[in-house]
Amino acid sequence: MFLRFVGQSIRRAPRRKAMAIGAVALGSAVATVMLGAMLEVGDRVNRELRSLGANLLVTPKSTSLPVVIGGIHYQPAAKDQFIPAASVPKVKSIFWSLNITALAPALNAQTAINGRDVPVEGVWFRRDLRAPDGTDIQTGLRTLNSTWKVAGRWIDDRTPDDRSDECMLGAALARRLGLEAGSTLNLFGETFTIAGILSTGGEEEDRAYVRLEVLERLTGRAGQVDAIEVGALTKPEDAFARKDPAKMKPAEYERWYCTPYISSIAHQIEQVLPMAVARPIRRVADNEGQVLNKIRGLMLLIALAALATAALTVWSVMATTVLERRYEIAIMQATGAGRAMIATLLGAEVAIQGALGGLIGALVGAQLSGAVSQSVFGVHGDAPALLVPVVVLLATAVALAGAAQPLRSALALEPAVILREGV
Amino acid sequence: MFWRFVLSAVKFRRRRLLLAFSGLAVAATLATTLLSVYSDIDRKMRHEFRGYGANLIVAPGLNSHSVPLAAVDEAERLGAVAAPFLYVVERVAQERLVVAGVDFRRAAPLTSYWHVDGARTAGPGECLAGSALAAHFRVGIGQTVPLASGPCIVRGIVSTGGPEDDRLMVPFERAAADAGFQDAASLIEVRADGPGKIAGQSRVQEVRAALAAAVPGVDVSVLYAVAETEANVVLKVKSAVFFLALAIFGITTLCVTGNFSALVIERSKEIGLLKAIGAAESKIASLFLSESLVLALASALTGYVLGLAIAYGIGRKIFSDAAVGVDFGVFMPVITVTLLVAIIATLLASSRIWRIEPAMILRGE
């Protein structure tokens, strides 16, 4: 009887029900898009900000002070201070290894060209690396600094080759020497062909770059690197992150260790590379966090506004559907139906409409949110799977809440009053 | 007659109208807030990127070791922030170290990312020490570094994670005197903000071109990492806000439509009566429309005030103090949007008028 009543009601007035369901669906779709696409703006922007370059610098523990201006060493560094090249991949074995987006080891040297000292760096450009955690990644200077421009081409160094005769020059250095891509150049008494000219805007433009293993051979420092630049996705630092880990209680230390703060990632790198110190590059790391916090805050506020409006819409649409049926309610009451009975009947109908609209809206919204993140960020993001049931539940709850008030006022009035008044 | 209908509607249906009014006011508030934030987001976001410091570097050109200080004046004349830096190798006893000459006053906006213990500036006879340098020479704030060219008192310890950690920062004039530089620096850092004067070009590029033309013999280059990341992030946040705003407008229209539908339903009897005495449906619809336009104007004003307050709050709460500010110029767009929402909502709702059968309604069915 109960089911037949509800079924009949939906079958008799399909158009009106479809409109109510459509409205709920629209509201839920907006809510889903909001939650799915916009709340991950923070993560997307975080990745975008990684194009600023490394935010951590790993250098050997040192007893002497480096005397370096613009890449030129004015005092030879101690010979026994280096990071073994074999331990470089260990950076990818820390607890937050998935947050390490790129790492680039470098060996520094300098050589005289036309009577002027020129810094030469041995680096990975984009090396195939089997990380200790079993993943295959490509990493190096090129992955770390995606904004650098190159005239000519990048050196392809996916596999090591210490006999390669390719090098790359910074734009300022190339201008000074009057060289361009394709020219040859003498470094450390060997002839190199210039594969490409790098424009960065910074002091890197005054350097020459060769493969790491080539410079190791030329300088006789096989298996050594002087620095590792690391790019890591981090959580913006808060007051807790700035506490001294040495003074933390065990529970606090665990929480700090398991949060991807720049300081805890630096700490973990120092644990796997005991011969090195990892320092956050404040210019990049601090500002990243600051910009990220602002964007997260802004998006959260706007998303909340959108959610509130969506809820308001579902609410008012459902209120209207009950309002439309006051006459029906009065007749039911007049013919002896109890208030509880009527409330259950209408409640069931509203809940069905809410759930159905919510389901349609959530499914459409999940698709839409993918399209939105595609057009904003160029990455196809999938809405989390949990979102659909959550939105359906929310839509049903809000629909019921919206229907409750007009239903109560309709039930409170004498049926005779409503019937005399007309609909 | 026309106005009496409208006015009596306000009098008799106060509660229902209040609901419709608040629906429209929410729409207007959101429109004001979003438009105000949106129109200003460029400036606000770029302000946040100030912390990254310089986005232009003026370096010595071919066959030269220095940059003329005239470039600083030129950059400041162009409205950019500029500061000269000078690097020399000095000695403490037998040990070498790098001393950086910094124009602390000019450099302040470009070095906001420095973590400093103590003072951020040093006067004559004073200096700031990099954290690694301070640890190496075991000096703290207030102690003296016995530089070969004359001792200096450490006023602050600087930590940046960059090369500054290994250096001693002294006032620019002192470093210039020690190095024998006259009106010249090792390099000049420049920060140029905002969109360019010509549409589609950034201020950075304009300042770069102007500097290169005005100061011969130097290399002016854009720090791609800062300039491009900034542009990308600002663009993406802007388009995300745009999508959100679009979605919110759609949903508000729907919400107001719901309100107006309820209004029409509640007044079916009146409408039936009007129809019975021969009023055309379009006439009745126009009555509703004018009613909702009056409502829309009132709520646009309310929403405008509320929205500006919220936008100010967002500016205060989320963005830094200097970026607070609201855009009063959004009034016209807000009125337009609110009226548009009201019109669409009324038209959608008044489709019910055509469906009302006077005889049925008046009989009470």
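The rules behind these values
- Per chain, residues are indexed from 1 in the order of the written sequence.
- Throughout, the order in which chains and ligands are written sets their labels, letters from A for the former and numbers from 1 for the latter.
- Reporting in this predicted model follows two pLDDT cut-offs: at least 70 for local features of residues, and 80 or more for side-chain atom pairs to be given and counted; totals over whole chains, interfaces and linings ignore these cut-offs and use all residues.
- Secondary structure counts use DSSP, requiring at least four H or I residues in a row for a helix and at least two E residues in a row for a strand, with both numbered from the N terminus.
- Both definitions apply: the radius of gyration is a C-alpha atom measure, and the globule rule equals 2.2 Å times residues to the power 0.38.
- Neighbour density around each residue's C-beta defines its exposure: 20 or more other C-beta atoms within 10 Å make it buried, 12 or fewer make it exposed, and counts between make it partly exposed, where C-beta atoms are placed from the backbone.
- Throughout, a pair of residues is in contact if the C-beta atoms placed from their backbones lie within 7 Å.
- Here, axes are lines fitted to C-alpha atoms. For helices the fit covers the stretch in contact, and angles between N-to-C directions go from 0 to 180 degrees.
- By definition in this entry, angles of less than 35 degrees are roughly parallel, angles greater than 145 are roughly antiparallel, angles of 65 to 115 are roughly perpendicular, and the rest are oblique.
- In this scheme the crossing of two helices becomes right-handed for a clockwise turn of the near helix relative to the far one and left-handed for an anticlockwise turn of less than a right angle.
- Amino acids outside the nonpolar list (Ala, Val, Leu, Ile, Met, Phe, Trp, Tyr, Cys, Pro) and the charged list (Asp, Glu, Lys, Arg) are all regarded as polar, and Gly is one of them.
- pLDDT is a residue-level measure of predictor confidence that goes from 0 to 100.
- Domain start and end points were adopted from an automatic or database domain assignment.

1. Quick word on the overall build of chain A
(1) Moving on: Within chain A, the secondary structure is distributed over 13 helices and 16 strands.
(2) Moving on: The C-alpha atoms of chain A give a radius of gyration of 33 Å, which is well past the 22 Å a tight globule of 423 residues would have.
(3) Moving on: With the C-alpha coordinates of chain A rotated into their principal frame, the extents come out at 105 × 50 × 35 Å.
(4) Moving on: Looking at chain A as a whole, 46% of its 423 residues are labelled buried.
(5) Moving on: In chain A, once contacts between residues fewer than 6 apart in sequence are set aside, the share between residues at least 24 apart is 78%.

2. Describing the packing of helix α3 (residues 41-49) of chain A against helix α8 (residues 224-266) of chain B
For any two helices packed against each other, the geometry comes down to the angle between their axes and how far apart the axes lie.
(1) Moving on: It is at 10 Å that the axes of α3(A) and α8(B) come closest, and there the two elements cross at 165 degrees. Here α3(A) is positioned roughly antiparallel relative to α8(B), judged by the angle of their axes. In this structure, α3(A) meets α8(B) at a crossing whose hand is right-handed. The segment α3(A) lies against α8(B), with Val41(A), Val45(A), Glu48(A) and Leu49(A) engaging Thr229(B), Asn232(B), Val233(B), Lys236(B) and Ala240(B).
(2) Moving on: Here the contact of α3(A) with α8(B) is built from residues that sort into five nonpolar, two polar and two charged.

3. With respect to helix α6 (residues 172-179) of chain B
Residues and elements named next belong to chain B.
(1) Moving on: Along α6, the residues classified as buried are Phe172, Arg174, Ala175, Ala176 and Ala179.
(2) Moving on: Where the residues of α6 are buried, they touch β3 (81-92), β4 (95-102) and β9 (167-171).
(3) Moving on: Once α6 finishes, Gly180 follows within two positions and takes phi at roughly 75 degrees, a positive value.

4. Overview of the confidence of the model for chain B
(1) Moving on: Looking at chain B as a whole, the pLDDT averages 83, with 91% of positions reaching at least 70.
(2) Moving on: Interface scoring of the predicted complex returns ipTM 0.74; its pTM is 0.77.

5. Here we look at the domain arrangement of chain B
All names here are of chain B.
(1) Moving on: Taken domain by domain, chain B consists of domain 1 (2-48 + 231-363) and domain 2 (55-222).
(2) Moving on: Computed from C-alpha coordinates alone, the two centres of domain 1 and domain 2 are separated by 55 Å.
(3) Moving on: Between domain 1 and domain 2, the contact holds four residues from the first and four residues from the second.
(4) Moving on: For the side of domain 1 that touches domain 2, the leading source of residues is helix α2 (residues 14-48), giving three residues.
(5) Moving on: Across the side of domain 1 that touches domain 2, the residue classes tally to one nonpolar, no polar and three charged.

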